[in-house]
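Structural overview
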Amino acid sequence: KQWYQRRVAITAGGSSRPHHEELLCPASLYCFTSCSVIRYPFKLGLQGSRPILAGAQGALPLQEKLLSQELQGGGYRTHLIGKWHLGFETIHYTPVARGFDTFTGFYNGMQDYYHHITSGFDTINNVGGYDMRHDSIDQNGNVIVDNILWEENGTFNNYIFTREAVKVVEQHKLNHEDEQLFLMMSYPNPHTPIQVPDKFVEQNSHIQNTIRRKYAGLISAMDSSVNQILTSLNEADMLDDTLIIFLSDNGGAFVSHRGNPPIPTGSTNFPLRGAKGSLWEGGSRVPAFITGPGIPENQVLEHVIHMTDLYPTLLTLIGLDVEKDKLDGRDMSRVLKMEETGVYKDYFIYDIDPVYKHAAVRKGDWKMIVGESSLQNIDEWYPPLIGTQTHSPLDIMSNSEYIARANKAIKNYTDATEMCKALKCFYPHNLEDQVQLFNLSNDEFEFNNVAVKNKEVVKELLALIDQQMKSMIAPVNLLQPGEQAASPLNFNGTWQPWITP
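Just so it is clear, the model here is predicted, and its values are computed rather than measured. (Residues numbered from 1 in each chain as written. Predicted model: local features only at pLDDT ≥ 70, side-chain atom pairs only at ≥ 80, totals over all residues. Heavy atoms only, no water.)

**Here's the deal with the overall build of the protein**
- Along the protein, the regular secondary structure elements total ten helices and 17 strands.
- Against the 2.2 N^0.38 benchmark of 23 Å for 501 residues, the protein shows a C-alpha radius of gyration of 22 Å, consistent with a compact globule.
- Over its C-alpha atoms, taken along the principal directions, the protein stretches across nearly 65 × 55 × 50 Å.
- The proportion of buried residues among the 501 residues of the protein is 57%.
- Per element, the accessible surface of the protein, about 21,200 Å² overall, is 49% carbon and sulfur.
- Looking at the protein, you have 42 positive and 58 negative side-chain charges, and the mean spots of the two groups are 4 Å apart. (Helix = DSSP H or I, 4+ residues; strand = E, 2+ residues; numbered from the N terminus. Rg over C-alpha atoms; globule rule 2.2 N^0.38 Å. Buried < 20%, exposed > 50% of the residue type's maximum accessible area, 1.4 Å probe, protein only. Areas by Shrake-Rupley, 256 points an atom, 1.4 Å probe, with all protein chains shown as cover. Lys, Arg positive; Asp, Glu negative; His and termini not counted. Charge placed at Lys NZ, Arg CZ, Asp CG, Glu CD.)

And the structure:
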C-alpha cells in the first residue's frame, strides 16, 4: 500500500514525550503567541501577545484561506478537535465554516478542564459560559453550531477529545476508506488552569515540587491521548500511511497573570530566556517532531523552521499545489526529507506590534529585538521550581500592573492619528537605543547585547523589519471586552456566534 493512496495528517499542540520512536526532530521551530500557519500575525491584525477575549469582535480575517480549506478542497475529510480561539462573532468565523467538516471542542482561549466554563478575562460582567460543542455541516451544507455537549459537564476534556478522535478514525475506516483524512488535535494542555486527574499526576511522582508535578500531569494526560489515537490508527491499518506533526504554539508560560501576585504554572523554558508572551527564545522556540512516509528516521534537523513554513511544506509533501507568492513561509519539504543541506530560510519575523512598539527578526544566527521584549517584563531566565517552592524568587509583574500597562499602550495607539509603518515612527528620537542584538551561534541564551559592536548588522535587520512593516495591518486584538450581545445569558448559558451575518 503506497502512503499517498491514503494520506493522513495529524497536528497536535503542546509538547510531550512521544511514544513513536521513528522521528525527525527540528532543532528549532519558532512560533509567537498569536501564531498562524498562514502568514505572519502582523499581516492578519493578530500581532502582539493579546488574546481575543470571549465575546469580543476581532478574528482571523475571512479572506485568509486556511490549511483546512486547502485540504478540504483537495479531497480530504477534515476534523478539528480541541481549542479554536480564532474568533466566532458570526457563524462564518467558526471552524466548520472555515474548512473543517466537524469540530468538537471550545471556541475560546481557555476553559475549566472539567466543567468547560470560561472565567477570568473571558467573561462578560463576570458571567462565564459553557463552551463544549460538536459543530458540523448538515446534508444541505448548512453550518450547525448549536449542538452543545451538556452531557460532558464534569468530564475531563482530554477524555472527550480522545474519544472523538478515535471515533473519527474508526468512522473514516468504515465509511471513507478510499478518501484522505486530516485530523487536527488542538489540545489545551498545559494551558491554565492546571487541572488534571490524579492518576496522571501520580505518574510523575519522581518530580518533588508539587506544582511542577501537577503541570507534568497535564503533559502525561496529553501523551496518553496521543498514544490512544496512534493505537486507533494502527488498528485501522492507517498508521503506516500517516504523516504526524507534533508541535507547540508558543513557549511555556512561567506564571499565570490571572492572579495577584502571578501564580507559577510549573512550566519552564530554562535555560532559554523569557517565556510565553515575550520575544525571547523561551517565548517562541518550541520542540517539534515529524514522522511518516518519506521522512528519514531518528534524525535531528539542524535547520530553523518557522510556523508559517508548515503551510507550504505540508501541501508539497501531500502533492497539492501551493500559491507560494501569497505566503510568508517557505516550502521546507526537501529539508524534512534530508534532501537539502544548505541554509534554506533567509530570515523570519518574530512579531511587529504598533501597540506595544516592539519587533524582532532573525537572520542566520543574528537576532534583533527592538523595544521591550514584553509588556509583562518577562525578561529573565526562569529555572524550574524545586523542592517546596511555591513562587519564583524572581520579581514578576503583577496582573493589575500588566493590565494597566497594556491599557495605557492601547490608548496611546488608538489616540494616534495614524498607525506607524516604520520603526523610526515607534522611536523617532532614540531608535538605536531600543535595539538589542544577539549572535545565537555563541549566545543561544541571549546574555550579551552586541548591537554597539555590529552596527552594520543592526542597520540590515532594521531595514528587513521596515520592509515587512509596509504590509502590516491594524491590530484587531486590542483587549476589547466582550460585547453584551455576546453574553452567555443570551444563549442559555453558552457561548455562541452573536452577530447575524
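**What about the environment of L247?**
- Mapped onto the secondary structure, L247 falls in strand β8 (residues 242-247).
- Taking the relative accessible area as the measure of exposure, L247 reaches 10% and is therefore buried.

**Digging into the sheet that holds strand β16 (residues 366-370)**
- With antiparallel pairing, four strands are arranged side by side in an open sheet as β14-β15-β16-β17. A strand with exactly one partner marks an edge of an open sheet, and here the two such strands are β14 (347-353) and β17 (435-439). The mean angle between the axes of side-by-side strands here comes to 10°, regardless of whether they run parallel or antiparallel.
- Both β16 and β17 contribute to a ladder of five bridges, which runs antiparallel. Paired with K367 across the bridge in β17 is F438. (Pairing = 2+ DSSP bridges. Axes fitted to C-alpha atoms, helices over the stretch in contact; angles between N-to-C directions.)

**A look at the pattern of salt bridges**
- What the rule picks out here adds up to 18 salt bridges.
- Taking the shortest distance from any N to any O, the salt bridge between E64 and R39 comes out at 2.3 Å. Here E64, found in the loop between β2 (24-30) and α1 (67-73), pairs with R39, found in the loop between β2 and α1; they are 25 residues apart in sequence, far enough to count as distant.
- A residue is classified by how much of its surface remains accessible, and E64, at 8% relative accessible area, is buried.
- Within this structure, D131, R133 and D135 form a network of salt bridges that share partners. (Salt bridge = Lys/Arg side-chain N within 4 Å of Asp/Glu carboxyl O.)

**Comments concerning the state of the cysteines**
- Per the counting criterion, the structure on display carries one disulfide.
- Note that C420 is cross-linked by a disulfide to C425, the S-S spacing being 2.0 Å. Every disulfide takes its handedness from the sign of the S-S torsion; for C420 and C425 that torsion is -60°, giving left-handed. (Disulfide = S-S within 2.5 Å.)

**Some remarks on the packing of helix α2 (residues 157-175) against helix α4 (residues 210-235)**
- Look at α2 against α4: their axes get within 9 Å of each other, and the N-to-C directions meet at 10°. By the angle between their directions, the pair α2 and α4 is classed as roughly parallel. Of the two elements, α2 crosses α4, and the hand of that crossing is right-handed. Along the contact surface, α2 presents N158, T162, A165, V166 and V169, while α4 presents A221, M222, S225, Q228, I229, S232 and L233.
- Here the contact of α2 with α4 is built from residues that sort into seven nonpolar, five polar and no charged. (Parallel < 35°, antiparallel > 145°, perpendicular 65-115°, else oblique. Left-handed = near helix turned anticlockwise from the far one by under 90°. Contact = heavy atoms within 4.5 Å. Nonpolar A, V, L, I, M, F, W, Y, C, P; charged D, E, K, R; others polar.)

**Observations regarding the nonpolar core**
- I352, M368, V370, L423 and I465 are the most contacted members of the largest nonpolar core, which has 45 residues in total.
- Mapped onto this core, the elements with two or more residues apiece are β14, β15 (358-363), β16, α8 (399-415), α9 (423-426), β17 and α10 (455-469).
- By residue number, the principal contributor to this core is α10, which donates seven residues.
- Residues L71, Y76, I295 and M332 belong to the second largest nonpolar core, which totals 42 residues. (Core = buried A, V, L, I, M, F, W, Y, C linked by side-chain atoms within 4.5 Å.)

Just distances and angles here, no functional claims.
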